[in-house]
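# A closer look at the structure
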Amino acid sequence: MRTVILRDDDTNALTPIQCLETLYRPFLERGLPVNLATIPEVRVDARTPDGRREGFLPNLGNPAVETVPLIENRALLDYLRANPGFNVVQHGCYHDTFEFDRADRAEVVRRLDRGAQRLDEAGFTDVSTFVAPHDKISVVAYEEIARRFRVISTGWFEWRRLPARWRARFVLKKLLGRAHWRVGSTQLMTHPGCLLSYQRPFATMLAEIQRTIAQQPVTVLVTHWWEYFREGRTDEEFVRVLHAVAEYLSTQSEVQVMTFQAYADAASGVRPSDVKRPLQPTVAT
Ligand SMILES: [Zn+2]
């Protein structure tokens, strides 16, 4: 059996519901869960590492507002609550540039805790997976994230960024050629780049994904919802590729699609029936 974990990044308080609906209705209808790496309190002027305005933001921000917490978009929360196939995981706090590539432990903790609090007040009280903006995590950030989360999902791991006591395990993972590894009770999961990206050829995208899934027991497939809606128009061809992936995944008896949470439960020997967890997030009033 092969396992696939779908991860869509950058949902935030300014994300149009229609974008998620257009992309993921075929997944939800087929019972394929989607992990939404969600920004708890998005900075309305967030920048990419090369200084451009992030693609998940609307073109014009309100200059009087610096950040918007998730709870301010009640309609989005209602939508997510109505569709439990979406599984919210924490994507940084504000999505600042290289937000968790910092050495100041107190600031790392402040951002982790504020992000968790923002998700909690939005009704997502059981978030156990963390995704760092721009895939950069410092040594102290790894330590603090591992203390709080059961899964860290990132593009890759670098020796020099890992806590010293993790390094022997990292070498072992490398020697065994594994994509995923574990320290204590935290699963450390890589992904094979963003195979679902508008910067790759659409014609070969599905075949590339099929090949990747066949090559390893567990594949994390990453995409970004806003890439399908660039410059005010829907990239229909790209959407068709994504929907073809849904079709493919649902018709393979040897492929199971899981949430990060379910994967962590399975990896640590927890049966689903042992976990007391609401099926839907409850929104605080
Ligand atoms: Zn992001």
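Conventions used here
- Residues numbered from 1 in each chain as written.
- Predicted model: local features only at pLDDT ≥ 70, side-chain atom pairs only at ≥ 80, totals over all residues.
- Heavy atoms only, no water.
- Helix = DSSP H or I, 4+ residues; strand = E, 2+ residues; numbered from the N terminus.
- Contact = heavy atoms within 4.5 Å.
- Buried < 20%, exposed > 50% of the residue type's maximum accessible area, 1.4 Å probe, protein only.
- Phe/Tyr/Trp six-rings, centres within 6.5 Å; stacked < 30°, edge-to-face > 60°.
- Lys NZ or Arg CZ within 6 Å of the ring centre and 35° of its normal.
- Donors = N, O, S within 2.8 Å, 3.2 Å for Na, K, Ca; no water.
- Pairing = 2+ DSSP bridges.
- Core = buried A, V, L, I, M, F, W, Y, C linked by side-chain atoms within 4.5 Å.
- Polar contact = N/O pair within 3.5 Å; in protein donor to acceptor, adjacent residues only side chain to side chain.
- Salt bridge = Lys/Arg side-chain N within 4 Å of Asp/Glu carboxyl O.

### With respect to the environment of I71
Its place among the elements puts I71 in the loop between β4 (67-69) and α2 (74-82). Remark: the alpha-carbon pair of I71 and T129, spanning 58 residues in sequence, is separated by 19 Å. Among residues more than four places away in sequence, those in contact with I71 are L77, E121 and A122.

### Notes on the environment of L162
Assignment of secondary structure puts L162 in the loop between β7 (151-153) and α5 (167-176). Residue class for L162 comes out buried when judged on its relative accessible area of 0%.

### A few points about the packing of aromatic side chains
As enumerated under the stated definition, the model contains 12 aromatic pairs in all. When the ring of Y142 is compared with that of F157, the centres are 6.0 Å apart and the planes differ by 35°; the resulting orientation is tilted. Note that Y142 is positioned in helix α4 (residues 139-148) and F157 in the loop between β7 and α5, a separation of 15 residues in sequence. You can call Y142 buried: its relative accessible area is 2%. One aromatic cluster is present, formed by Y142, F157, W166, F170 and W181 through successive ring pairs. In this structure, R167 is placed above the aromatic ring of W159, and the distance from its NZ or CZ to the ring centre is 5.1 Å.

### Digging into the coordination of the zinc ion
The textbook angles at a metal center are 109.5 degrees for a tetrahedron of four donors and 90 or 180 degrees for an octahedron of six. Donor atoms from the polypeptide that bind the zinc ion are D10 (OD), H91 (NE2) and H95 (NE2), placed at 2.1 Å. Here D10 falls in the buried class, since its relative accessible area comes to 3%. Taking the relative accessible area as the measure of exposure, H95 reaches 3% and is therefore buried.

### A word on the pairing of strand β10 (residues 218-224)
Within a regular beta strand, the side chains point alternately toward one face of the sheet and then the other, so they alternate between its two faces. Most of β10 is tucked away: 7 of the 7 residues are buried. Burial of β10 is two-sided: the residues V218, V220, V222 and H224 facing one way and the residues T219, L221 and T223 facing the other way are all buried. In the sheet, strand β1 (residues 2-11) pairs with β10 via 7 bridges, with the strands oriented parallel. Directly across from R7, in β10, lies its bridge partner V222.

### Here we look at the nonpolar core
Among the nonpolar cores identified, the biggest contains 72 residues, and F27, L80, F86, F124, L196 and L249 are the most heavily contacted of them. With residues up to four places along the chain from it excluded, the contact list for L249 reads V4, L6, F27, L32, I213, V255 and V257. By size, the runner-up hydrophobic cluster in this structure holds 13 residues, among which are V151, V222, Y263 and A264.

### Brief notes about the side chain of E99
Of note, E99 is situated in the loop between β5 (86-91) and α3 (105-121). You can call E99 buried: its relative accessible area is 0%. At 3.0 Å, the side chain of E99 forms a polar contact with the backbone nitrogen of C93. Excluding anything up to four places from it in sequence, E99 contacts G92, C93, Y94, R111 and P133.

### Comments concerning the pattern of salt bridges
Inspection of every chain in the model, using the stated rule, returns 27 salt bridges. A salt bridge links D113 to R148, with the shortest nitrogen-to-oxygen separation between them at 3.0 Å. Of this pair, D113 sits in helix α3 while R148 sits in helix α4, and the two are 35 residues apart along the sequence. With a shortest N-O distance of 2.8 Å, R150 and D265 are connected by a salt bridge. Taken as a pair, R150 in the loop between α4 and β7 and D265 in helix α8 (residues 260-267) lie far apart in primary sequence, 115 residues in all. Through salt bridges with shared partners, a single ionic network connects R43, E66, D96, E99, E107, R110 and R111.

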